[in-house]
Amino acid sequence: MNMCRKVVKQSQTEAIAAKLATLLKPGDVVCLSGDLGAGKTTFTKALGKAMGIRENITSPTFNLVQEYDGDVPLYHFDVYRLLKPSEFRDLGAEEYFSGAGVCVIEWANLVKEYLPERHLWIEIKWLDASRREICITPSETFGNTLVKELGIT
Ligand code: ADP
Ligand code: MG
């Protein structure tokens, strides 16, 4: 599938997330990967804001998943502190995937075996203090349309 890749400053990371918010539909699953400090939460905050979420979005470190009410609900996962991947399944991840909201999963690479086949994968790589490389790859069933509409290449 098509992949788009771009070097971005923080304002661009946030602009991509805000544009993505206008394109996502209920049931869409966005997988975020990248090291600590790459910008996964920064991306999610900008996405949520553009989804009309008024609450401050923080890392759901202790809950694993935090639900936010917006125009469409946002289910924000951070699975960094899971002891084993199966805990992700056991917390009912499947129900969130088929729920009325958009799912965003930080550290999705840690729970690969429990992710839905249809997803959008966004990897953020640290380049230097102010620049990141963002790679966006839709799964085969997700299709290319959204990535084309994002138009970041
Ligand atoms: P993660 O959730 O991946 O651990 P955070 O979003 O919590 O990372 O932290 C990313 C940090 O990097 C923030 O302090 C943010 O201000 C900073 N930053 C600097 N440049 C960028 C950029 N180009 N894109 C995203 N965040 C950036
Ligand atoms: Mg984070």
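Going by the structure above, here's the rest.
Quick notes on the rules
Residues numbered from 1 in each chain as written. Chains lettered and ligands numbered in written order. Predicted model: local features only at pLDDT ≥ 70, side-chain atom pairs only at ≥ 80, totals over all residues. Heavy atoms only, no water. Helix = DSSP H or I, 4+ residues; strand = E, 2+ residues; numbered from the N terminus. Expected span 1.5 Å × (residues − 1). Buried < 20%, exposed > 50% of the residue type's maximum accessible area, 1.4 Å probe, protein only. Arc of directions from axis to C-beta. Contact = heavy atoms within 4.5 Å. Pairing = 2+ DSSP bridges. Axes fitted to C-alpha atoms, helices over the stretch in contact; angles between N-to-C directions.

Relative to the 20 Å expected for 14 residues at 1.5 Å per residue, helix α1 (residues 10-23) spans 20 Å between its end C-alpha atoms, a close match to the ideal helical length. Listing the buried residues of α1 in full gives T13, I16, A17, L20, A21 and L23. Along α1, the residues classed as buried sweep out an arc of 160° about the axis, all on the same side. Of the exposed residues in α1, those oriented more than 90 degrees away from the buried face are S11 and T22. Structurally, α1 contributes buried residues whose contacts are with β1 (4-8), β2 (29-33), α2 (40-50), β6 (120-128), β7 (131-138) and α5 (145-150).

What follows is about the sheet that holds β6. The mixed open sheet is built from seven strands, whose spatial order is β1-β7-β6-β2-β5-β4-β3. Each edge of the open sheet carries a strand with a single partner, namely β1 and β3 (65-68). Looking at each pair of strands side by side, their axes are set apart by 20° on average, direction ignored. With four bridges connecting them, β2 and β6 associate as parallel partners. When the bridges of β6 are listed, C31 appears paired with W121. Across the face of the sheet, α2 comes into contact with β2, β4 (74-78), β5 (102-106) and β6 while running at roughly 165° to β5.

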